[in-house]
Each structure stands twice: as C-alpha cells, then as structure tokens.
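# Working through the structure, step by step
Now for the letters of each chain:
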Amino acid sequence: MKLSLTKVVNGCRLGKIKNLGKAGDRTMDIPACLLYTKTGSAPHLTHQTLHTIHGLPAMAQLTLSSLAEHHEVLAEYKEGIGKFIGMPELLLYCSLHDPVSPCPAGYVTNKSVSVWGLGGRVEMTASKFMAIQQALQPDWFQCLSDGEASCEEATSIKRARKSVDRSLLFLDNCLRLQEESEVLQRSAIIGVIEGGDMMEERLRSARETAKRPVGGFLLDGFQGNPATLETRLHLLSSVTAELPEDKPRLICGVSRPDEVLECIERGVDLFESFFPYQVTERGCALTFSFDYQPNPEETLLQQNGIQEEIKYVDQTKKIKTTSCNQEMTSFEINLKEKKYQEDFDPLVRGCSCYCCKNHTRAYIHHLLVTNELLAGVLLMMHNFEHYFGFFHSIREALKSDRLAQLKELIRRQAS
Amino acid sequence: MAAAVSPTSLESAPRIMRLVAECSRSRARAGELRLPHGPVATPVFMPVGTQATMKGITAEQLDALGCRICLGNTYHLGLRPGPELIQKAHGLHGFMNWPHNLLTDSGGFQMVSLVSLSEVTEEGVRFRSPYDGDETLLSPEKSVEIQNALGSDIIMQLDDVVSSTVTGPRVEEAMYRSIRWLDRCIAAHQRPDKQNLFAIIQGGLDADLRTTCLEEMTKRDVPGFAIGGLSGGESKGQFWRMVALSTSRLPKDKPRYLMGVGYATDLVVCVALGCDMFDCVFPTRTARFGSALVPTGNLQLKKKQYEKDFRPIDNDCACPTCQKHSRAFLHALLHSDNTAALHHLTVHNIAYQLQLMSAVRASIVEKRFPDFVRDFMGTMYGDPTLCPTWATEALASVGITLS
C-alpha cells in the first residue's frame, strides 16, 4: 500500500491510500472513519440494510474481542473473516478491543494480552495472536500491545515504560512470526504507540515503532472523556511529529465530531465510527450540521434551529445507558422525548438516508416507546449516514481550504 | 366425508376475491384478492407486524420479500400511539409507510388473552390499560371506529372470543353474541368502500353451534369470512374437523381467512381444506429465538452443531440471508449481542412462509396440488406415512391420500 498526501493544512493531512486489499486495487481517502462492527456485523444491520447507507467507508473495523473466541471455526473455514461475515467487498482492520466496551485492566503480562469476548476471557501470547490473525486474514491488524498504562488515574513512569517495552517486544515477535507465514504477509501489521501520559515514553515509543516495517500506526491511550483528551492533545502532536508521513495514523477510542477535528489537526488520519452507535443505543439521532457553506436563507433557519437545540439541551437531564455509559451530547436529539410524539418531520431535513426518506420522528418515537427492534435499525442507518457525511465534509473542507469554517460550526454545536 | 355444497351469498356483496384455479380433488383454491392497496395472490400467509412494524425488518425489506399484505394489532395500536395520532399520520399505511395492504384484527383476542382483568358483557369488553391504568370499554362500535382511523384494507369484526378449551353454555353465549356484534360492526362501519369488514365464525369445537353461526353469518353482507376460535389449545383432530366444517358452509366466491394458523404442515392441510388466508406470529417470533424454518422442520441455530456448518440455512432459498450467509456465521452472531442476527432470521422465516405459499399456489394452478402435498409431507416427515395422523385424516377427507 502507498499513502500519498495531496496537501497538509494546519497539520491536517488530506490524501489517498492506494494499492489496498488482497488484489492491491483498492483506494481509501483520508481523513476517514472505519465502519464499526460487532462480531463482524454492523450493529443492527444486515447486508441489505447496511447497503442502503450512502457514503459507506471503504474499510470496516473488526474487533478481536468479539472474534477471538471463534478462532477455531475460522481456521477450519480457511477463507478468512471477510468472506465469513459476508463482507468480501470491504477492506478490514482488526483492532484488539471494542472501543465501546472497556476491558478490565490487569491482564497484560510480559508474555500475553487478554481480550474479553461474550464467552469470556481469551488470553493470547504472540504465537496464539498471530495464529488467530492467520485464520482471520484481515487487510490490517493492530499488533498485540500493552494499553494499560493509560487505564489508571495517574500513570507512573514505570508503568508507562513497561507499556512501551512490552509493546515493542510483542511487535518484534509478531513481525518475526509474520515472516514465517505466507498468509500473514498479505496483512499489514499496525504498530501501536503507547507510553501513557509520559512525553518521554511516548516519543520513545513513536521513534522505536517507526523503525519497524509496520504498515501504519495506532495511537493508543488517548481515549477517555473530553477532558482527558484535552490534556492529551499536546502529547498527540508531539507523537505524530515523530511518525513518517507516508504511513497512516489511526486513533482508537476517539469518535465525537469535535474530538475528531482536534485529532485531524494533530496529524491523525483514521477514526473508529462507534459514536453513531452509542447515539443509537440511547435512542438518539445525530442532527448536528456539517454544512459549512450553506446558502444564505438556509443559514438563518439552521442557526435558529441549532440555537433552539442547544438551549434545550442545557435544560435536559443527562442520560446514562447501560451499554454505553455516555451522556447525551448536543450533536443529537433524544427521540424518546414527548415533543416528538406528533412530529412528522424526518430526523434531519434534507438527509438522504433511508430513515429520513421514509419515516418521521413520530414513528421513531413510537418504535422507541414500544421497545421495537426497528428503532435501532432505523436510527443506526441514519446515524451512520450522517456521520459518514460529516467525514465527507471534512475532506471537502480540506480540499477547498475551509476547515476553519467547519471547525467553527462544529465548535458552536459542541456542548 | 363428502364435501357439502357451498352456498353463494344471498346479497350482492363486493366481490374482492377472484378464483383463478381450483383443485379437482381437494377444496384447495388459488385466487387473487382485489384490495385498495393492490392485488394479493392467494393462498396467502400474512406476517404479523403487531405495533406498526415487522419487528426488525424495514418496509423495504418486507416488500422485497414479496409480501403484499400484513397485520397490525388494533389493541396495541389503539393504546400506543392511539388512533388520533395515526389518523394525523395519514392512517396506519402513512404512519409506518407501508405501500401495500394491511389487515387489522378487532382487538378482541388480545383483550381476552393479554389482559387478566378484562370483563366481557353484551356492551363489549371492559378492561384496564396496562400502560396507564385507565379503564376502557372496547365495544363493536369502538373497535370499528379505531380500525376506521387506522385505515386498514381489511378490518375484523369484534367477536366474543372464548378459548377452544372452554366447554358449556359460555361457548353458545359467545357464538350468538358474536353474531349480534357482527351486526353492530356492520352498522358502525363508516368506510365500506375503502375497508373490507370480515365476519368471524365462532362456535368453538361444537359442530352444531358452529353450523348455526355459519348459517347466520353467511346471511350478512360482508366481503369475507374468518374462521375464528381455533388455533388455541384444542387437539388437532378437533381443529381440522371444525375448519373443514366451516369451509364446507362458506361461500366459494368469498375469501376464507383462518386466523392464527402458521406452522407449515397446518398451512398445507388447511389450504387443502379450502382456506385462502392465514396469519401467525410463529415464524417471526421463532426467528427471534434463533430458530430458522426449513422444509424439514427447523434449525435451532444457537446449538453447537451449527458452529462449523458453512452451508446456508437452505440451499434452495432465495432470501438475502441464505444468499449471503452461512449457518456458522449466524450461529456466531446469535451468540453475540448484535440484533442483526435476529433480523437475518426474521427475513429468512418470512421468506420461507411466503415461498411455501407461492409453491402451494403454483401447484394448484398447475393442477398438481395433491402431488405437491405428498412431496411436502415426504420432505417434512421423512416419509408420507410418517405424517401426523390428524393431517393424514384431514387430507383423506378431501380426497388426498399420502401413500
């Protein structure tokens, strides 16, 4: 694969990754997001409903935490996870963990890392890990790594150092195992940058990892709440400055629109798309605008709309859901609210998704109130399409040097 | 048992059913319903979309499967979101954005089966809402009023439903009351030009009572008849006899809707006995428990034996699930918390039911229905002689032998 940059504006990289996929004929624009999946399937969506979404990413994210327990089945299947899950047309990236469900800390050793599936814990040495990847055959996979330095409240320098040392050791082991396998050589290993919140260790991790023949870099340990990301942004800039320009930079655990823009400005290329899933799970729909060049009449209407929503959200109680434990943001509306009971508008006027073209807020409200499965399906379709549209607008804004406008628009809508 | 001559209706009621073919041996018929939202080929299986949704599948998916009529439940929708809101949304069709036909039941069955503190009087069914505790009376007039607001293409009379396991004077009382309630529904119906009101034959498992009900109800000017009060806890032997009795005395030129019937074997047998329309929650409900319907029965896909089974659910099934996915993948997905697993199976099970009805219909049109039945039973039970006794007897009664 080959990453070529079209331009770099204020630290933001606009470009293309070419020669992707087993046949080397696919391309991916950056910045971009990856399609979030659970056990190899987009949440709530079958192939049919998934493919009504416009602007689907070229690459999907699989999680080892949901797939490791099916390792034997995949080994016997032989033809790889892409075909097994019915997504042979998408590029596939396999991360270690699911960004939505944090895994219990304290299970990384010098020799192994554990992931947590629904069937329980799966402990993996480098050998076992690579055997699993051999059965999965993704296009890219996150290397086995120690991400726990960033889990605790205050990382000690010792713990940060250990996370870097261990991750480099895992990386070298995995690279060696890759050399011994023709199948594994068709996948690219993504090196993982660790080091907790210690600048020294982060720089060491970046420099050392960059020396290895990895396909790209995963910036681990920057996830958390908006406040923690804020403090880590400085760290992020310093880290990406150490990385080669011609390899993609992924970040895990960051998916909110405002945070995405902050990270793009600090040299990140690829993001996970779990945020629209979290929004779906709390019965909400993304409504934030990313139209940074609306026509003048629209501007007035939209501004009034946004102001109304922001005012309302200030008065709204915070919502905690079991699966996501996240508060509602001001990028979304909560369809369970009584005011939507008789609202026959689509979720977002002008949205081209299946839900907005066919259904009303009142209908979604009814589905949520009656606990019907279709609520999740329709909201997921809308939220993904809206989110993918946001990423498209980022690329367009970068192309036409209007990212500042987009950033301001998003900032105004962030709570 | 010789088939009795079926009377034609005495009045010139709207004829919504056109017969296309009849089996020369059994009572099976192939036809076409002409309904406000388009034609429907019969025999037809109607999936149940209780609360204005076919569970996890979209209207587009349901349409793509070839479904042209499905059910909504008046009881549920009458409570949430309520008829006023649905009317504002341009009826149930507008509210759920379903372009084809809808059939709504009266709410009577749910009333009695779901609500423990319901009370039936001559007025109607009095009950307490489980959501807000309010007391309501569902009368024949009220039921029709709600269904008028919903705007469904076929609406059902409010009937006095008793469980098929009940015996004694209550059954007779319910049968006569259902006739009186039918008349009240007919009188209250505001939109006979847009919505077809069906009567529901009651009488439990008593041949005399059922015959009386048939005689009386067929005097009324309705576009179609449902056979009710069955598909409860009764034995299959009693069940088929009541179905056969009913079809023998229902007019040939009007559709016969057998309520609550959905297992594949039951569908095939009851088509042979002369039924045209069926509904059942079974296929969609069982999908959500991980069970996939196949010509040999069903596959409990959560079981370990499917873990490494890389075949589709059914090689001959044309549904999107079978075209793209293996049993092994569905097994893995069913063991996850991704609801997509349930939707894959819902799509398949609806496809199975619709494909079955299509195949039944083609065999009637092509004059080979008895052979179709023999093949079907052979596949399902391994050998036609291993078919359940009740089914063998029922089929024999209309001239179809299995060996």
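Residues numbered from 1 in each chain as written. Chains lettered and ligands numbered in written order. Predicted model: local features only at pLDDT ≥ 70, side-chain atom pairs only at ≥ 80, totals over all residues. Heavy atoms only, no water.

### Concerning the packing of aromatic side chains
All names here are of chain A. Evaluation of the coordinates by the stated rule reveals 23 aromatic pairs over all chains. Ring geometry for Tyr-77 against Phe-84: centres 5.2 Å apart, planes inclined by 70°, an arrangement best described as edge-to-face. Among the residues examined, Tyr-77 registers a relative accessible area of 12% and is labelled buried. For the pair Phe-275 and Phe-331, a centre-to-centre distance of 6.3 Å together with 90° between the ring planes defines the contact as edge-to-face. With a gap of 56 residues between them, Phe-275 in helix 10 (residues 275-281) and Phe-331 in the loop between helix 11 (296-315) and strand 15 (332-334) connect regions that are remote in the sequence. According to the relative accessible area criterion, Phe-275 is buried, its value standing at 2%. Taken together through their ring pairs, the aromatic side chains of Phe-271, Phe-275, Phe-288, Phe-290, Phe-331, Tyr-387, Phe-390 and Phe-391 make up a single cluster. (Phe/Tyr/Trp six-rings, centres within 6.5 Å; stacked < 30°, edge-to-face > 60°. Buried < 20%, exposed > 50% of the residue type's maximum accessible area, 1.4 Å probe, protein only. Helix = DSSP H or I, 4+ residues; strand = E, 2+ residues; numbered from the N terminus.)

### Some points on the nonpolar core
Counting 182 residues, the largest nonpolar core has Trp-140 and Ile-394 of chain A as the members making the most contacts within it. Per element, the largest residue contribution to this core is 15 residues, and it comes from helix 14 (residues 374-399) of chain A. Here this core gathers at least three residues from each of two domains, domain 1 (15-278) and domain 2 (285-366) of chain B. Judged by nonpolar contacts, the second largest core, of 59 residues, contains Ala-28, Met-175, Ile-179 and Leu-214 of chain B. (Core = buried A, V, L, I, M, F, W, Y, C linked by side-chain atoms within 4.5 Å. Domains from an automatic or database assignment.)

### A short note on the domain arrangement of chain B
How big an interface is tends to be stated in terms of the accessible area lost upon association of its parts. Residues and elements named next belong to chain B. As assigned here, chain B comprises domain 1 (15-278) and domain 2 (285-366). Computed over C-alpha atoms, the centres of domain 1 and domain 2 are 28 Å apart. With 30 residues of domain 1 at the interface, the matching set in domain 2 holds 17 residues. Where domain 1 abuts domain 2, roughly 1700 Å² becomes buried across the two surfaces, and 79% of that area is made up of carbon and sulfur atoms. Our enumeration of links across domain 1 and domain 2 arrives at 0 salt bridges. There are 3 residue pairs in polar contact (both at pLDDT 80 or more) connecting domain 1 and domain 2. (Contact = heavy atoms within 4.5 Å. Buried area = accessible area lost by both parts, 1.4 Å probe. Salt bridge = Lys/Arg side-chain N within 4 Å of Asp/Glu carboxyl O. Polar contact = N/O pair within 3.5 Å; in protein donor to acceptor, adjacent residues only side chain to side chain.)

### Concerning the sheet that holds strand 3 (residues 38-42) of chain B
Residues and elements named next belong to chain B. Read from one edge of the open sheet, 3 strands run 1-2-3, paired in antiparallel fashion. Bordering the open sheet on either side are strand 1 (17-22) and strand 3, each of which pairs with just one other strand. Ignoring which end each strand starts from, the neighbouring axes of this sheet average 15° apart. Where strand 2 (residues 29-35) lies against strand 3, 5 bridges are found, and the strand directions are antiparallel. The residue of strand 3 that forms the bridge with Gly-31 is Thr-42. This element, helix 14 (residues 340-365), spans strand 1, strand 2 and strand 3 of the sheet and lies at about 115° to strand 2. (Pairing = 2+ DSSP bridges. Axes fitted to C-alpha atoms, helices over the stretch in contact; angles between N-to-C directions.)

### A few points about the pattern of salt bridges
Residues and elements named next belong to chain B. Throughout the structure, instances matching the rule amount to 55 salt bridges over all chains. A salt bridge links Arg-29 to Asp-276; the shortest N-O distance between them is 2.7 Å. Of this pair, Arg-29 sits in strand 2 while Asp-276 sits in the loop between helix 10 (264-272) and strand 14 (277-280); the two residues are 247 residues apart in sequence, bridging distant segments of the chain. Each member of the pair, Arg-29 together with Asp-276, is buried. A salt bridge links Arg-241 to Glu-393; the shortest N-O distance between them is 3.5 Å.

### Some words on the UniProt feature "binding site: Zn(2+)" (unreviewed entry) in chain A
All names here are of chain A. Under the UniProt annotation, the feature "binding site: Zn(2+)" (unreviewed entry) is placed at Cys-351, Cys-353, Cys-356 and His-382. Spanning 32 residues, the named residues nonetheless gather at one spot, since no C-alpha pair among them exceeds 8.4 Å. By secondary structure assignment, the location of Cys-351 is in the loop between strand 15 and helix 12 (354-358). Since its relative accessible area comes to 14%, Cys-351 is described here as buried. Those residues in contact with Cys-351, other than ones at most four positions away along the chain, are Cys-356, Lys-357 and His-382. With respect to the helices and strands, the residue Cys-356 is situated in helix 12. Setting aside its immediate chain neighbours within four residues, Cys-356 contacts Pro-346, Leu-347, Val-348, Cys-351 and His-382. (UniProt positions renumbered as here; feature names shortened; annotations may be inferred.)

### Observations regarding the packing of helix 14 of chain B against helix 15 (residues 369-381) of chain B
All names here are of chain B. One way to put it is that helix 14 packs onto helix 15 with a least axis distance of 7 Å and a crossing angle of 145°. Across the interface between the two elements, Tyr-352, Leu-356, Ala-359, Val-360, Ser-363 and Ile-364 from helix 14 touch Phe-369, Phe-372, Phe-376 and Met-380 from helix 15. Classifying every residue of the contact of helix 14 with helix 15 by side-chain character gives 9 nonpolar, 1 polar and no charged. (Nonpolar A, V, L, I, M, F, W, Y, C, P; charged D, E, K, R; others polar.)

### A few points about the pairing of strand 7 (residues 112-117) of chain A
Residues and elements named next belong to chain A. Counting buried residues in strand 7 gives 5 out of 6 residues, a clear majority hidden from the surface. Alignment of strand 7 against strand 8 (residues 120-125), held across 6 bridges, turns out to be antiparallel. Residue Trp-116 lies in a different strand from strand 8, and its bridge partner there is Arg-121. The antiparallel pairing of strand 7 with strand 8 creates a hairpin that spans 2 residues between the two strands.

### Let's talk about the interface of chain A and chain B
Between chain A and chain B, the contact holds 39 residues from the first and 41 residues from the second. Approximately 3500 Å² of surface area, both sides summed, lies buried where chain A meets chain B, with 62% of it carried by carbon and sulfur atoms. At the boundary of chain A and chain B, one finds 5 salt bridges. The closest approach of N and O atoms between Lys-308 of chain B and Glu-76 of chain A, which form a salt bridge, is 3.4 Å. For the pair chain A and chain B, the interface holds 17 residue pairs in polar contact (both at pLDDT 80 or more). Secondary structure elements with two or more residues in the side of chain A that touches chain B: helix 1 (47-50), helix 3 (71-77), helix 12, helix 13 (361-369) and helix 14 of chain A. Take the side of chain A that touches chain B: its biggest share by element is 5 residues, from helix 13 of chain A. In terms of residue class, the side of chain A that touches chain B is built from 18 nonpolar, 16 polar and 5 charged.

### Some remarks on the UniProt feature "binding site: Zn(2+)" (unreviewed entry) in chain B
All names here are of chain B. UniProt marks Cys-317, Cys-319, Cys-322 and His-348 with the feature "binding site: Zn(2+)" (unreviewed entry), using the numbering shown here. Note on placement: Cys-317 falls in the loop between strand 16 (297-300) and helix 12 (320-324). Taking the relative accessible area as the measure of exposure, Cys-317 reaches 3% and is therefore buried. Residues within four places of Cys-317 in sequence aside, it is in contact with Cys-322, Gln-323, His-348 and Gln-355. Considering the arrangement of structural elements, one finds Cys-319 in the loop between strand 16 and helix 12. The class of Cys-319 is buried, set by a relative accessible area of 2%. If near-sequence neighbours (up to four positions away) are discounted, Cys-319 is found in contact with Leu-65, Val-347, His-348, Ala-351 and Gln-355.

### Topic: helix 8 (residues 207-217) of chain B
Residues and elements named next belong to chain B. Within the sequence span of helix 8, burial applies to Leu-209, Arg-210, Thr-211, Cys-213, Leu-214 and Met-217. Residues of helix 8 that are buried in the fold lie against helix 7 (169-188), strand 11 (196-201), strand 12 (224-227) and helix 9 (236-248). Two or three places before Asp-208, at the opening of helix 8, Asp-206 has a side-chain oxygen 2.9 Å from that residue's backbone nitrogen.

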